[in-house]
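Structural description and commentary
Residue strings, one per chain:
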Amino acid sequence: MIINKIACALAALAASLLPRLGHAASFECAKAARFVEQAICANATLSQLDDALSENYRSMRAANIGDGARKDLQATRKK
């Protein structure tokens, strides 16, 4: 979907602009159980991308993007 492409592009752009700080994922790394969660917590770049994507997702949900687009966005959250 176009929303996914926009979200990914914005997340990548935002992550490239972020200063290289410590690892801070959009979830608690101490509770990371799945491989992908552990990989995000172990890598500063992945962690920053995860943060940027999470913030972008929250912003898009809060924006007036219409019910159909909002449902599409929510449907892609856990894919």
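Preceding this section is the structure that the text describes.
Predicted model only: the values in this text are computed from it and were never measured.

1. Some details on the overall build of the protein chain
Secondary structure summary: the protein chain contains four helices and zero strands in total. Helices and strands in the protein chain line up, N terminus first, as α-α-α-α. For the protein chain, the proportion of its 79 residues judged to be buried stands at 24%. Within the protein chain, residue pairs in contact and separated by at least 24 positions form 48% of the contacts whose partners lie at least 6 positions apart. Here the protein chain has roughly 5,600 Å² of accessible surface; of this, 61% comes from carbon and sulfur atoms.

2. Some words on the state of the cysteines
Cysteine pairs can be linked by a disulfide, which is a covalent bond between their two sulfur atoms. One pass over the full model with this rule turns up one disulfide. Between the sulfur atoms of C29 and its disulfide mate C41 the distance is 2.1 Å. Between C29 and C41, the disulfide has an S-S torsion of -95° and is therefore left-handed. Linking C29 in the loop between helix 1 (2-17) and helix 2 (35-42) with C41 in helix 2, this pair joins segments that are 12 residues apart in sequence. A residue is classified by how much of its surface remains accessible, and C41, at 14% relative accessible area, is buried.

3. So, the packing of helix 3 (residues 44-62) against helix 4 (residues 67-75)
Interaxial distance between helix 3 and helix 4 falls to 10 Å at its minimum, and their mutual angle equals 155°. It follows from the interaxial angle that helix 3 and helix 4 lie roughly antiparallel. Regarding helix 3 and helix 4, the two cross each other, and that crossing is left-handed. Only R70, L73 and Q74 of helix 4 make contact with helix 3, whose side of the interface consists of Y57, M60 and R61. Here the contact of helix 3 with helix 4 is composed, by residue class, of three nonpolar, one polar and two charged.

4. With respect to the pattern of salt bridges
Enumeration over the complete set of coordinates arrives at four salt bridges. Notably, a salt bridge pairs K31 with E28, separated by 3.8 Å at the nearest N-O pair.

Calculation rules
Residues numbered from 1 in each chain as written. Predicted model: local features only at pLDDT ≥ 70, side-chain atom pairs only at ≥ 80, totals over all residues. Heavy atoms only, no water. Helix = DSSP H or I, 4+ residues; strand = E, 2+ residues; numbered from the N terminus. Buried < 20%, exposed > 50% of the residue type's maximum accessible area, 1.4 Å probe, protein only. Contact = heavy atoms within 4.5 Å. Areas by Shrake-Rupley, 256 points an atom, 1.4 Å probe, with all protein chains shown as cover. Disulfide = S-S within 2.5 Å. Axes fitted to C-alpha atoms, helices over the stretch in contact; angles between N-to-C directions. Parallel < 35°, antiparallel > 145°, perpendicular 65-115°, else oblique. Left-handed = near helix turned anticlockwise from the far one by under 90°. Nonpolar A, V, L, I, M, F, W, Y, C, P; charged D, E, K, R; others polar. Salt bridge = Lys/Arg side-chain N within 4 Å of Asp/Glu carboxyl O.

These figures come from the coordinates and say nothing about function on their own.
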